[in-house]
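A look at the structure
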Amino acid sequence: MATTWWRRRHRAKDPLDEADDLVPLDSQGQEEMVRSFEKKHAQQSRLWRRVFSGLLLGYAGFMVYSMLHQAWFPWELKYHAYFMEDMHPGMPILFDLVAVVACLLAVKGLLQNSSSPRKFFWYSTYVGLLVCVLWMTYMLRFPKIRWDAIWLPLAPLCGASLCLYLDHLMLESLEDISKLRSYMYNYKAL
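Residue positions are given per chain, counting from 1 as you read along its sequence in written order. Only residues with pLDDT of 70 or above have their local features reported here, since the model is predicted, and side-chain atom pairs are shown and tallied only from 80 upward, although totals for entire chains, interfaces and linings are computed over all residues. The side-chain numbers reported here are obtained from all heavy atoms of the structure, hydrogens and water having been left aside.

Here we come to the UniProt feature "transmembrane region" (unreviewed entry) in the chain. UniProt positions are given in the numbering used here, feature names are shortened, and annotations may be inferred rather than shown by experiment. Sequence positions flagged by UniProt for "transmembrane region" (unreviewed entry) are, in local numbering, residues 51-73, 93-111, 120-138 and 150-171. Helix and strand definitions follow DSSP, with helices as H or I runs of at least four residues and strands as E runs of at least two, each counted in order from the N terminus. Split by type, residues 51-73 is 96% helix and 0% strand. Its first and last C-alpha atoms lie 32 Å apart. Between the C-alpha atoms that bound residues 93-111 there is a distance of 27 Å. The span itself is 100% helix and 0% strand.

Right, here's the structure in full:
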């Protein structure tokens, strides 16, 4: 009963299209399908790595602007002015420079084609954690939390963590494609 319903539902509407879904693929068809999945994965991987690299480079460029602005016109930027009484004018420049290093390490990991770009993501995460600790030591001294400056400590750490997650997703999908390749069967043996 269920098979007749399935056949009626999936019967080809076009008389020229009489391909049956139950016919197994031959070895060449399987190979072409796996190769198309690998090609699509490589394209998607390149695209997402470039997108995240662009976002991180944009943030790093903004932090360079922030450093230069702090050097030329100290405490004029609102998010730096919160710290005017607590720190030396060179400290925000140093903290922003460390954030730029964290972003550049993550970008290097994203754009590197070697077998282990993950170490750069971990380095970026550690440097982002350092930036977070440095900014938070001064932010916790405030009588109330400045929510409009919370991105200063968290942005480099979140960027590095997102890069780690992206790398994990790409690696997981590549493993699924490799598993699919190992599941290829011999058509003539069936």
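Orientation of helix α2 (residues 27-72) relative to helix α6 (residues 151-182), taken along the N-to-C sense of each, is 175 degrees, at an axis distance of 10 Å. By the criterion of interaxial angle, the relationship of α2 to α6 is roughly antiparallel. Classifying every residue of the contact of α2 with α6 by side-chain character gives 19 nonpolar, 5 polar and 6 charged. Axis lines are fitted to C-alpha atoms, over the contacting stretch for helices. Their N-to-C directions set the angle, which ranges from 0 to 180 degrees. In this scheme, roughly parallel covers angles under 35 degrees and roughly antiparallel covers those over 145, while 65 to 115 is roughly perpendicular and the rest are oblique. As a working rule, the residues Ala, Val, Leu, Ile, Met, Phe, Trp, Tyr, Cys and Pro are called nonpolar, Asp, Glu, Lys and Arg charged, and the rest polar, with Gly in that last group.

Turning our eyes to something else, we now look at a nonpolar patch on the surface. Like-charged residues within 9 Å of one another, or nonpolar side chains (Val, Leu, Ile, Met, Phe, Trp, Tyr) within 5 Å, are grouped into patches, provided each residue has over 30% relative accessible area and no salt bridge. Here the accessible surface of atoms and residues is derived via Shrake-Rupley with a 1.4 Å probe, and residues count as covered only by protein chains that are part of the display. Any Lys or Arg side-chain nitrogen found within 4 Å of a carboxyl oxygen on Asp or Glu counts as a salt bridge. A grouping of L25, M33, F37, L180 and Y185 is seen on the molecular surface, where their side chains present a nonpolar patch of about 400 Å² in accessible area. You can see Y185 is positioned in the segment after α6.

Moving on, we get to the confidence of the model for the chain. Confidence of the predictor at the level of single residues is captured by pLDDT, which takes values from 0 to 100. Across the chain, the average pLDDT comes to 86, with 84% of residues at or above 70. Mean pLDDT in the chain bottoms out at helix α1 (residues 2-9), which sits at 50, and peaks at helix α4 (residues 90-111), which reaches 96.

Here we come to the pattern of salt bridges. As enumerated under the stated definition, the model contains 6 salt bridges in all. Between E31 and R181 there is a salt bridge; the shortest N-O distance is 3.0 Å. Here the residue E31 occupies a position in helix α2, and R181 occupies one in helix α6, the gap between them amounting to 150 residues. Each residue's exposure class comes from its accessible area (1.4 Å probe, protein chains only) as a fraction of the maximum for that residue type: buried when under 20%, exposed when over 50%, partly exposed otherwise. For E31, a relative accessible area of 22% corresponds to the partly exposed category. On the accessibility criterion, R181 (29% relative accessible area) is partly exposed. For the salt bridge of D167 with R118, the shortest nitrogen-to-oxygen distance reads 3.0 Å. One end of the pair, D167, is in helix α6; the other, R118, is in helix α5 (residues 118-139), and 49 residues separate them in sequence. The structure contains a network of salt bridges with shared partners spanning E31, R35, E38 and R181.

Any pair of Phe, Tyr and Trp rings, taking the six-membered ring for Trp, is counted once the centres come within 6.5 Å. Such a pair is stacked with planes under 30 degrees apart, edge-to-face with planes over 60 apart, and tilted for the rest. Scanning the model with the defined rule gives 13 aromatic pairs in all. Aromatic pair Y79 and W151: ring centres 5.0 Å apart, planes at 70 degrees, arrangement edge-to-face. With Y79 in helix α3 (residues 78-81) and W151 in helix α6, the pair connects residues that are 72 residues apart, well separated along the chain. The class of Y79 is buried, set by a relative accessible area of 12%. On the basis of an interplanar angle of 50 degrees and a centroid distance of 4.8 Å, the ring pair of F83 and W135 is categorised as tilted. A residue pair is termed long-range when its members are at least 10 positions apart, and F83 in the loop between α3 and α4 and W135 in helix α5 qualify at 52 residues. Aromatic ring contacts, followed pair by pair, group Y82, F83, F95, W135, Y138 and F142 into a single cluster.

Looking now at unusual backbone geometry. Unusually for a residue other than glycine, W75 sits at a positive phi of about 65 degrees. Within the fold, W75 resides in the loop between α2 and α3.

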